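Here's the letter readout for the chains.
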Amino acid sequence: MTVVSAPGKVYLFGEHAVVYGEPAVPCAIEKRATVTATPRADDHIRVEARDLSLDGFAVEYAGSPEDRPDIDVSESLIEAAMGYVDAAVRQARDAADEPNAGFDITVESDIPLGAGLGSSAAVVVAGIDAATRALGEPLDRRELADRAYRAEYDVQDGQASRADTFCSTMGGAVRVAGDDCRTLATPKLPFVVGFDGGAGDTGELVAGVRSLRERYDFAADTVAAIGDIVAEGESLLAAADADSEASDALVGELGELMNINHGLLSALGVSSRSLDTMVWAAREAGAAGAKLTGAGGGGCIVALDSTEETKRSLQYTPGCEEAFRARLATEGVRVEEP
Ligand code: MEV
């Protein structure tokens, strides 16, 4: 039995635009998915999922997950969780050159599904690492991040960048532009997250932006402008002292860029009424800036505020189900039990 965890993330800047090669800066946060992998004597996969912010379930199958017996849980939940677990197992089998390896897999996660906090990337990263280690073929972190990206790419029909999976593997803040993935030394940022209890469909949302970008030059310019915001944010971060709390001036400037970034994402059609409501509640509570995080459509916003005001205000905002302070996860993927 091998147990591995990997963190979720928030986007300081750059989601969606990163799909077209623009830079993005996601930051890993201390909310984790934990995957346990135990090799089996046969080629079956048994998946048990708990705490996916929905009811848990267990499924056993051989061949493809579509062959699973009927079970009494929502189809979308199975599809969401099983697709990623299955893609992780395929990558692990391929990496270890054991095409028929079977596993008992347990997934436990405190990252809400599809809410912009990188739940699928964390499950895929932890899943591939746990399964390859269980087969005695651990991967180095660059290969793990690459295989996790390929797994997400397959499940999301090619609508994925390397940002979520690289961030979850490495931890901390990272900068991703196309295939160029780097870790970033940043000061500590006072992230506050608001969650509306919902989720967006990443594939659909990415496809929507793609269609706008193909039809209108100004939508393509909007995507490029998000890249410009990221470049501006990066130079602010590079000039700051990485080992300390971010200064008020830096938080103020980053917040302003986050506000513009949210406006552009909203123009591209990926915000929602509840995300906009939480963004405005955060700003009115004194946050330096606020934006949606991840694919959008519903789920989470991220704000910067070193006081307790934004969190408190979000807790009383209609439509906000949960608000919490998110600490940067400096550790990425982590072996919990070898
Ligand atoms: C989803 O968390 C972030 C997107 O940019 C898609 C991706 O980068 O794969 C919307």
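Residues numbered from 1 in each chain as written. Predicted model: local features only at pLDDT ≥ 70, side-chain atom pairs only at ≥ 80, totals over all residues. Heavy atoms only, no water.

(A) Looking closely at the overall build of the chain. The helix and strand inventory of the chain stands at nine helices and 12 strands. The C-alpha atoms of the chain give a radius of gyration of 19 Å, which matches the 20 Å a tight globule of 338 residues would have. Along the three orthogonal principal directions, the C-alpha set of the chain runs to about 60 × 40 × 40 Å. Partitioning the intrachain contacts of the chain with sequence separation of at least 6 by distance along the chain shows that 72% fall at a separation of at least 24. Approximately 13,700 Å² of the chain is accessible, and the part contributed by carbon and sulfur atoms is 45%. (Helix = DSSP H or I, 4+ residues; strand = E, 2+ residues; numbered from the N terminus. Rg over C-alpha atoms; globule rule 2.2 N^0.38 Å. Contact = heavy atoms within 4.5 Å. Areas by Shrake-Rupley, 256 points an atom, 1.4 Å probe, with all protein chains shown as cover.)

(B) Inspection of the pairing of strand 7 (residues 180–184) at higher detail. Judged from the five bridges that link them, strand 6 (residues 173–177) and strand 7 form a sheet pairing that is antiparallel. Looking across to strand 7, one finds that Val-174 is bridged to Thr-183. (Pairing = 2+ DSSP bridges.)

(C) Fine view of the domain arrangement of the chain. Here the chain is described as being made up of domain 1 (2–184) and domain 2 (191–326). Here the C-alpha centre of domain 2 lies 24 Å away from the C-alpha centre of domain 1. Between domain 1 and domain 2, the residue contacts involve 29 residues of the former and 40 residues of the latter. Both sides together, the interface formed by domain 1 and domain 2 hides about 2,700 Å², and carbon and sulfur atoms give 69% of it. When the buried area of domain 1 at its contact with domain 2 is split by residue, Phe-13, His-16 and Tyr-20 rank highest and sum to 28% of it. Taken together, domain 1 and domain 2 are joined by two salt bridges. (Domains from an automatic or database assignment. Buried area = accessible area lost by both parts, 1.4 Å probe. Salt bridge = Lys/Arg side-chain N within 4 Å of Asp/Glu carboxyl O.)

(D) Here's a closer look at the sheet that holds strand 10 (residues 300–304). The sheet built from four strands is open, its strands ordered 9-10-8-11 with antiparallel pairing. Of all strands in the sheet, those bounded by a partner on one side alone are strand 9 (289–292) and strand 11 (322–326). The average undirected angle you get between the axes of adjacent strands in this sheet is 20 degrees. Here helix 7 (residues 248–267) sits on the sheet and contacts strand 9 and strand 10; the angle it forms with strand 9, its principal contact strand, is near 35 degrees. (Axes fitted to C-alpha atoms, helices over the stretch in contact; angles between N-to-C directions.)

(E) Spotlight on a negative patch on the surface. Judged by side-chain charge, Asp-228, Glu-232, Glu-253 and Glu-256 come together as a negatively charged surface patch. Of all the elements in the fold, those that place two or more residues in the negative patch are helix 6 (217–239) and helix 7. For Glu-232, the location among the structural elements is in helix 6. (Patch = residues over 30% accessible without salt bridge, like charges linked within 9 Å, V, L, I, M, F, W, Y side chains within 5 Å. Lys, Arg positive; Asp, Glu negative; His and termini not counted. Charge placed at Lys NZ, Arg CZ, Asp CG, Glu CD.)

(F) Structural context of helix 2 (residues 119–134). Spanning 16 residues, helix 2 covers 22 Å between terminal C-alpha atoms, matching the ideal 22 Å at 1.5 Å per step. Positive backbone phi, at 80 degrees, marks Gly-136, one or two positions downstream of helix 2. (Expected span 1.5 Å × (residues − 1).)

(G) Quick peek at helix 4 (residues 163–170). Within helix 4, eight of the eight residues are buried, which leaves the element mostly enclosed by the surrounding structure. Regarding helix 4, the residues found buried are Ala-163, Asp-164, Thr-165, Phe-166, Cys-167, Ser-168, Thr-169 and Met-170. Elements in contact with the buried residues of helix 4: strand 1 (2–13), strand 2 (25–40), helix 2, helix 3 (141–155), strand 6 and strand 7. Just past helix 4, the residue Gly-171 takes up positive phi, approximately 75 degrees. (Buried < 20%, exposed > 50% of the residue type's maximum accessible area, 1.4 Å probe, protein only.)

(H) Just the site of the ligand, in detail. Around the ligand, the surrounding shell consists of Lys-9, Tyr-11, Glu-15, His-16, Val-18, Val-19, Ala-160, Ser-161, Asp-164, Val-206, Gly-294 and Ala-295. Within the contact set of the ligand, an oxygen atom lies 2.5 Å away from a side-chain nitrogen or oxygen of Ser-161. Calculation on the ligand without its partners gives an accessible area of 300 Å², and the protein chains cover 96% of this total. A breakdown of the residues in the shell around the ligand according to their chemical character gives six nonpolar, three polar and three charged. Counting residues domain by domain, the shell around the ligand receives three or more from each of domain 1 (2–184) and domain 2 (191–326). (Near = heavy atom within 4 Å. Polar contact = N/O pair within 3.5 Å; in protein donor to acceptor, adjacent residues only side chain to side chain. Nonpolar A, V, L, I, M, F, W, Y, C, P; charged D, E, K, R; others polar.)

(I) Molecular detail of the environment of Asp-157. Along the polypeptide, Asp-157 turns up in the loop between helix 3 and helix 4. Considered as a pair, Asp-157 and Gly-203 are 46 residues apart in the sequence and their alpha carbons are 7.4 Å apart.

(J) How the structure looks around the state of the cysteines. Scanning the entire structure with this criterion turns up zero disulfides. Not part of a disulfide, Cys-27 finds its nearest cysteine sulfur in Cys-167, a span of 6.6 Å. Cys-27 gets classed as buried once you look at its relative accessible area, which sits at 2%. A disulfide-free cysteine, Cys-181 has its sulfur positioned 11 Å from the sulfur of Cys-167, the nearest such atom. The class of Cys-181 is buried, set by a relative accessible area of 9%. (Disulfide = S-S within 2.5 Å.)

(K) Main features of the packing of helix 6 against helix 7. Relative orientation of the contacting elements helix 6 and helix 7 amounts to 170 degrees, with a least axis distance of 10 Å. Regarding the angle of helix 6 to helix 7, the classification is roughly antiparallel. Contacts from Thr-222, Ala-225, Ile-226, Ile-229, Glu-232, Gly-233, Leu-236 and Leu-237 of helix 6 reach helix 7 at Leu-250, Glu-253, Leu-254, Leu-257, Ile-260, Asn-261, Leu-264 and Leu-265. Classifying every residue of the contact of helix 6 with helix 7 gives 11 nonpolar, three polar and two charged. (Parallel < 35°, antiparallel > 145°, perpendicular 65-115°, else oblique.)

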